[in-house]
Amino acid sequence: MNISCTNYILAAAICVTVPALDHIPSVGYSSWPLSYVSSLKYILQEGYAKYNRAPFKVPTLNRWIVTSKSPPDDELSLIEAANDSAKVDYLIGPEINSNPYHISVARIHLTRNLGLYYPDIKDEVHTAFEELLDLRDNEWRSIPAVDTIREIVCRASNRVFVGLPLCRNPDWIDLNSRFAVDVATDANILNLFPKILVPLVSKKLPNTATGIARAVKHLDPIIKERLKCMGEHGNDWCDKPNDILQWLMDEKQESSTRQLTLRVLTINFASIHTFTQALYNLAAYPQYVGPLREEVDAIIREHGWTKEAIASMHKVDSFLAETQRLEGVLTSSVQRKAMKDLTLADGTFIPKGTHLSVPTYVFHRDGAVYDSPCAFNPFRFSELSDRGESARHQMVAVTQDYFPFGYGKHACPGRFLAANELKTMLAHILISYDVKFEDRVSRPTSIHWDLNVIADPTVRVMFRKRTND
């Protein structure tokens, strides 16, 4: 059946339904979707000013979300909330949610093996910067910040996910950098339609499917070779890879190239984090470069580039934690879906199917929790750590006041890998380069779209080899 895009949209407009949440106060216009005309961050601020930490509902592009300070994990589903938003069942495959064994693989191995593969992370970060910047003598070179940093992050992560040489393959890096955008784009289109039309419409969207096909071509020979080694040598052999692909294969739950490819792509998709915001802060606040360099220089001189050395860089950790507090990737996070009717601790009734979320943007700017909450204070968390409870104030911390990596039992299992990558990148820049904006002095304003916070992709940053302090 050949149905035009226009007819799809008309059908969606007629069939879309709105959850029965009239008993929960809304912020903005009183009816969805008119309330979406305002920027979500301002809606969250208005709601927080009116209701403090009591629940209220806010509009996104396709549904109401009820804000909650601490959604009860045992009665809500992260997987179903993510599936509703990203349409994983239709775009990637239902097995990703029905058997999410890749989550436990990542949680166990990314933590247990961090010390073993840290030298690979460090090597990839250093090599990627050197190759992509390609600096000569003392010249300044201008780069597109978002694109360059995305490639470096993707290379470092995939050194752990699939290893050399694939992690440096330009097409592999390109497809993984695009995959998250492709899934989000296709999911936003699908979210315009009622559930009954989603399976049909999903077959008409080429972006995600094209990325999967490209990835299969890259991984097919690698997976076949590893399966051959496993068949000949069992669970261990000389030079057996120590990466996520191999850990997934060792589980022996899936063996086809397509199945394993979908797992690797999903882990890549879930590992998205942005270092660009930290780079913008480094260029915008040069007065903090000195103390940061002093810390990095001293630690590297004494300990070299090791996991333990990175862990002891408290100012570097604090700089990144403060960046995440003010410029995290979402204005509202810890998203969950109610799988049955429930009542929150404050008595608010939540119908089955409702989406709940923590209003991160306003919680991270709460004056009752943070002094001068809207000001960028890069050593805020290291100063708090110096007073005690250092673990509570690290960038990987998961608390009721700090949500960059989620909250509760579903907190991001890859946050320790992400933290080590980010700290290694910042430390490498500090010890190796000078940075500044190409044509500005102040920090660029982030772009807010739906729940997302996006670093300005038009900004160029200049690098040169570090000069004497």
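Our structure's up above, just so we're on the same page.
This report concerns the structure included in the present document. Residue numbering note: each chain is counted from 1, following its sequence as written. pLDDT decides what is reported in this predicted model: residues at 70 or higher carry local features, side-chain atom pairs at 80 or more are listed and counted, and totals for whole chains, interfaces and linings draw on all residues regardless. Side-chain metrics in this entry use all non-hydrogen atoms of the structure; hydrogen atoms and water are not considered.

**Details of the environment of Tyr370**
Logical step 1: Note on conventions: DSSP H or I runs of at least 4 residues are helices, E runs of at least 2 residues are strands, and numbering of each starts at the N terminus. Tracing the backbone through its elements, the reader meets Tyr370 in the loop between α18 (360-363) and α19 (380-386).
Logical step 2: For the pair Tyr370 and Leu166, spaced 204 residues apart in the sequence, the C-alpha separation amounts to 43 Å.
Logical step 3: Throughout, a residue-residue contact means that at least one pair of heavy atoms, one from each residue, lies within 4.5 Å. If we ignore the near neighbours within four places in the chain, the residues touching Tyr370 are Arg325, Phe363, His364, Arg380, Phe381, Asp401 and Tyr402.

**What to know about the nonpolar core**
Logical step 1: Throughout, nonpolar core names a set of buried Ala, Val, Leu, Ile, Met, Phe, Trp, Tyr and Cys residues whose side chains join them through atoms within 4.5 Å. For every residue, the accessible area obtained with a 1.4 Å probe (protein chains only) is divided by the maximum for its type, and the residue is called buried under 20%, exposed over 50%, and partly exposed between those limits. Counting residues in hydrophobic clusters, the biggest one holds 101 residues, and the most contacted among them are Phe275 and Phe463.
Logical step 2: Here this core gets 9 residues from one element, more than from any other, and that element is helix α8 (residues 145-161).
Logical step 3: When neighbours within four sequence positions are excluded, Phe463 is seen to be in contact with Phe129, Leu133, Leu135, Glu139, Trp140, Arg141, Ile143, Leu279, Ile429, Tyr433, Asp434 and Val435.
Logical step 4: Membership of the second largest hydrophobic core comes to 15 residues, among which are Leu44, Tyr48, Val362 and Phe403.

**Things to note about empty space enclosed by the protein**
Logical step 1: Lining residues are those with an atom within 4 Å of a point, where the points come from a 1 Å grid over the protein atoms alone and group into cavities, where a 1.4 Å probe fits but cannot get out, or pockets, open sets with protein on both sides within 12 Å along at least five of seven lines. Grid points are joined across faces, edges and corners, and a volume is the space filled by probe spheres set on the points. Taken as a whole and judged by the stated rule, the model has 2 cavities of 30 Å³ or more.
Logical step 2: Space inside the largest cavity adds up to approximately 70 Å³.
Logical step 3: Along the walls of the largest cavity sit 13 residues, with Leu326, Gly328, Leu330, Tyr361 and Arg365 positioned nearest its centre.
Logical step 4: Secondary structure elements with two or more residues in the lining of the largest cavity: α17 (314-327) and α18.
Logical step 5: At 4 residues, the largest contribution of residues to the lining of the largest cavity is made by α17.
Logical step 6: For the lining of the largest cavity, the per-class residue count stands at 4 nonpolar, 6 polar and 3 charged.
Logical step 7: Computed from the structure, the second largest cavity encloses a volume of approximately 40 Å³.
Logical step 8: Surrounding the second largest cavity, Tyr48, Asn52, Arg53, Ala54, Pro55, Phe56, Thr67, Ser68, Lys69, Pro359 and Phe363 form its lining. Each residue is assigned to one class: nonpolar for Ala, Val, Leu, Ile, Met, Phe, Trp, Tyr, Cys and Pro, charged for Asp, Glu, Lys and Arg, and polar for all the others, Gly among them.

**Thoughts on the sheet that holds strand β9 (residues 433-437)**
Logical step 1: The criterion for strand pairing is that DSSP finds at least two bridges linking the strands in question. The strand order β4-β12-β9 describes an open sheet built from 3 strands, whose pairing is antiparallel. The open sheet has two free edges, formed respectively by β4 (141-144) and β9, since each of these has just one partner strand. This sheet shows a mean twist of 30° between the axes of neighbouring strands, independent of strand direction.
Logical step 2: Pairing geometry for β9 and strand β12 (residues 460-465), over 5 bridges, is antiparallel. For helices, the axis comes from a line fit to the C-alpha atoms of the stretch in contact; other axes are also lines fit to C-alpha atoms, and the angle between any two N-to-C directions lies between 0 and 180 degrees.

**Concerning a nonpolar patch on the surface**
Logical step 1: Taken together, Ile447, Trp449 and Ile454 make up a surface patch of nonpolar side chains, about 270 Å² in accessible area.
Logical step 2: Inspection of the secondary structure puts Trp449 in strand β10 (residues 447-449). Each patch groups residues whose relative accessible area exceeds 30% and which form no salt bridge, using 9 Å between like charges and 5 Å between nonpolar side chains of Val, Leu, Ile, Met, Phe, Trp and Tyr. Here the Shrake-Rupley method, with its probe set to 1.4 Å, supplies the accessible areas, and only the displayed protein chains count as covering residues. The term salt bridge refers to a side-chain nitrogen of Lys or Arg lying within 4 Å of a carboxyl oxygen of Asp or Glu.

**Thoughts on helix α14 (residues 276-284)**
Logical step 1: Burial runs high along α14: 9 of the 9 residues are buried.
Logical step 2: Those residues of α14 not exposed but buried are Thr276, Gln277, Ala278, Leu279, Tyr280, Asn281, Leu282, Ala283 and Ala284.

**Observations regarding the packing of aromatic side chains**
Logical step 1: Paired rings are identified among Phe, Tyr and Trp, the last through its six-membered ring, by centres lying within 6.5 Å, and are further divided according to the angle between planes into stacked (under 30 degrees), edge-to-face (over 60) and tilted (the rest). The final tally for this structure, using the stated rule, is 16 aromatic pairs.
Logical step 2: Among the aromatic residues, ring-to-ring pairing joins Tyr285, Tyr288, Phe319, Phe376 and Phe379 into one connected group.
Logical step 3: Lysine and arginine charges are scored as sitting over a ring when NZ or CZ, respectively, is within 6 Å of the ring centre and within 35 degrees of the ring normal. Above the ring of Phe363, the side-chain terminus of Arg53 is found at 4.0 Å from the ring centroid.
Logical step 4: Across from the ring centre of Phe379, 6.0 Å away, lies the NZ or CZ of Lys315, which sits over that ring.

**Re the state of the cysteines**
Logical step 1: Any two cysteine sulfur atoms lying within 2.5 Å of each other are counted as a disulfide. For the structure on display, the rule yields 0 disulfides.
Logical step 2: Cys238 supplies the cysteine sulfur nearest to Cys229, a cysteine that is in no disulfide, at a spacing of 10 Å.
Logical step 3: The closest cysteine sulfur to the non-disulfide-bonded Cys412 is located on Cys154, 16 Å from its own sulfur.

**What about the sheet that holds strand β5 (residues 333-338)?**
Logical step 1: In space, the 5 strands of this open sheet follow the order β1-β2-β8-β5-β3, with mixed pairing throughout. Strands at the two margins of the open sheet, each flanked by one partner only, are β1 (57-59) and β3 (76-77).
Logical step 2: Relative to strand β8 (residues 355-358), strand β2 (residues 64-67) runs parallel, the two sharing 3 bridges. Residue Thr67 lies in a different strand from β8, and its bridge partner there is Ser357.
Logical step 3: On the sheet, helix α2 (residues 40-51) packs against β1 and β2 and is oriented at approximately 165° with respect to β1.

**With respect to the packing of helix α15 (residues 289-303) against α17**
Each packed pair of helices is defined by two parameters, the angle between the axes and the distance between the axes.
Logical step 1: It is at 8 Å that the axes of α15 and α17 come closest, and there the two elements cross at 135°. The pairing of α15 with α17 is recorded here as oblique in orientation. On α17, the residues that touch Pro291, Leu292, Glu295 and Val296 of α15 are His314, Lys315, Val316 and Phe319.
Logical step 2: Class assignment of the residues belonging to the contact of α15 with α17 gives a composition of 5 nonpolar, 1 polar and 2 charged. Any angle that falls under 35 degrees is termed roughly parallel, while one over 145 is termed roughly antiparallel, one within 65 to 115 roughly perpendicular, and all others oblique.

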